[in-house]
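Topology and contacts: notes
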Amino acid sequence: MVKIGNIEIAEFPLLLAPMEDVSDPPFRAVCKQNGADLMYTEFISSEGLIRDAAKSRQKLDIFEYERPIGIQLFGGNVDSMREAAEIATAARPDLIDINYGCPVKAVACKGAGAALLQDIPKMVRMTEEVVKSTHLPVTVKTRLGWDEQTKNIVEVAERLQDIGIKALSIHGRTRVQMYKGSADWTLIAKVKENPRMHIPIFGNGDIDTPQKALEYKNRYGVDGLMIGRASIGYPWIFNEIKHFLATGEMLIAPDLNERVKVAKQHLDFSIRWKGPKLGVFEMRRHYTNYFKGMQDIKPYRTRLVEAPTAEAVHEILDELVNAVEFSTSLSVL
Ligand SMILES: Cc1cc2nc3c(=O)[nH]c(=O)nc-3n(C[C@H](O)[C@H](O)[C@H](O)COP(=O)(O)O)c2cc1C
């Protein structure tokens, strides 16, 4: 059983990656329901938390059924990160995660996220302060290094473990790579193979099928997998991977009724959590993925992203189900 501190997670945990504007409570609810073992909030600005900015505060909202759940923090200032960790601890998550991986300029140029990969002593100091400021297990998510010349993750992992982090998730790209090319898991495997390492190492980057999950589990020996983009609009990926790892067989892909059911749940939760306007608006980015690969979906998708209210969205989804049922019944005749 993989444990983070004293928290038992699973035999081979599947983690939902923290994703800004995606891994909010409505999305996390559908991922949990579909097999995610450990989830994180999207990253939360330490400066925003300290300023008491409403937007940052709202991201601290977690629900009992989400456990175990981690709150992810980012920032460029050690004191602010310590203070933010205290605020996050008061929100009662199961763990605190620090982001040292965000490559986006607005974050990295302020000395936060992946920028810390250029200043390992500061990263170590910051982590140590966060670890000291909370009774919760602290985990870190980072990348291989800043650029091709500074892929220092093996050394970084040891140093972070030495000051008390309880698990490490590694995205197999450098900051300079952003999201380009394919993730390189060989260095992730090196971290795992290092005999000095004893905390769980989770691999991240490009896992998008059960077959790839099995291949990477076996080839790179990680303790679990963190999945990001492949779960957007396809939360079934978690149970599909679990089933495949356990049996070597593929689950049948969700049919249209199932997709519509989950999309509706997601929308309804979005509205409860964000209000009718923002809930409908922010759900629009998910429809393409919920119905990806389905035939004749385009006109419905266009209408879904223009629908102004939840009722209108529900009507379009019902119409879609009826249209598909009708054409299926014709083809059986
Ligand atoms: C839309 C989006 C938002 C993201 N936001 C965060 C974030 O808030 N914190 C973080 O550590 N990583 C963030 N990431 C990176 C992911 O957690 C993950 O490391 C990356 O997408 C690679 O995994 P994947 O190939 O499974 O998607 C984000 C990625 C995407 C696509």
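A quick note: this is a predicted structure, and the numbers were derived from the prediction, not measured. Every chain begins its residue count from 1, and numbering advances along the sequence as written. Local features are withheld for residues below a pLDDT of 70 in this predicted model, meaning they are given only at 70 or higher, and side-chain atom pairs are given and counted only at 80 or more; totals for whole chains, interfaces and linings count all residues.

So, the overall build of the chain
Heads up, the condition is: Counting from the N terminus, the helices are DSSP H or I runs at least four residues long and the strands are E runs at least two residues long. A radius of gyration in this sense is built from C-alpha atoms; the matching globule rule multiplies 2.2 Å by the number of residues raised to 0.38. With C-beta atoms placed from the backbone, a residue is buried if 20 or more other C-beta atoms are within 10 Å of its own, exposed if 12 or fewer are, and partly exposed between those counts. A residue pair is marked as a contact if its C-beta atoms, positioned from the backbone, fall within 7 Å.
Secondary structure summary: the chain contains 14 helices and eleven strands in total. Relative to a compact globule of 333 residues, whose C-alpha radius of gyration would be 20 Å, the chain shows 21 Å and is just as compact. The buried share of the chain, taken over its 333 residues, is 45%. The contacts of the chain with a sequence gap of at least 6 include a subset with a gap of at least 24, amounting to 66%.

A word on the domain arrangement of the chain
Note the threshold: Domain start and stop positions are those given by an automatic or database domain assignment. Three classes are used: nonpolar for Ala, Val, Leu, Ile, Met, Phe, Trp, Tyr, Cys and Pro, charged for Asp, Glu, Lys and Arg, and polar for all others, with Gly counted as polar.
Along its sequence, the chain is organised into domain 1 (2-247) and domain 2 (256-332). Centre-to-centre, using C-alpha coordinates, domain 1 lies 31 Å away from domain 2. Counting residues at the interface gives nine residues for domain 1, matched by eleven residues for domain 2. Considered class by class, the residues forming the side of domain 1 that touches domain 2 number eight nonpolar, one polar and no charged.

Notes on unusual backbone geometry
Across the junction of R67 and P68, the peptide omega takes the value -5°, indicating a cis bond. A positive phi angle, near 60°, is found at D21, a position not held by glycine. Checked against the element boundaries, D21 lands in the loop between β3 (14-16) and α1 (25-33). Since 9 C-beta atoms lie within 10 Å of it, D21 is described here as exposed.

Brief notes about the UniProt feature "domain: DUS-like FMN-binding" (unreviewed entry) in the chain
For the record, the criterion: UniProt positions are given in the numbering used here, feature names are shortened, and annotations may be inferred rather than shown by experiment.
Taking the UniProt record as the reference, the feature "domain: DUS-like FMN-binding" (unreviewed entry) is found at residues 15-318. A distance of 32 Å separates the end C-alpha atoms of residues 15-318, which is 47% helix and 12% strand.

A closer look at the environment of E158
Counting through the fold element by element, E158 comes out in helix α7 (residues 153-162). The partly exposed category is assigned to E158, around which 13 C-beta atoms lie within 10 Å. Sequence-wise, E158 and R82 are 76 residues apart; in three dimensions their C-alpha atoms are separated by 21 Å. With residues up to four places along the chain from it excluded, the contact list for E158 reads N194, R196 and M197.

Regarding the site of the ligand
The line we're drawing: Placing a C-beta atom from the backbone of each residue, we mark the residue near a molecule or strand if the atom is within 6 Å of it.
Close to the ligand lie 21 residues, the nearest being A17, M19, F43, G228 and R229. Looking at side-chain class alone, the shell around the ligand contains nine nonpolar, seven polar and five charged residues.

Regarding the pairing of strand β10 (residues 201-204)
What counts here: For two strands to be treated as a pair, DSSP must find no fewer than two bridges joining them.
Covered by surrounding structure in β10 are I201 and G203 together with F202 and N204, the residues of both alternating faces. When β10 meets strand β11 (residues 224-227), the two strands line up parallel, connected through three bridges. Its bridge partner being in β11, G203 is matched across the sheet by L225.

So, the nonpolar core
Selection criterion: We define the nonpolar core as any set of buried residues of the types Ala, Val, Leu, Ile, Met, Phe, Trp, Tyr and Cys, connected via C-beta atoms lying within 7 Å of each other.
Within the largest apolar cluster, 90 residues are counted, with the highest numbers of intra-cluster contacts made by L15, L73, I96, L225 and I227. The element that contributes the greatest number of residues to this core is helix α11 (residues 256-274), accounting for five residues. If you count residues domain by domain, this core takes at least three from each of domain 1 (2-247) and domain 2 (256-332). Apart from the residues within four sequence positions on either side, I96 is in contact with G70, I71, L73, A85, A88, T89, V130, T134, L136 and V138.

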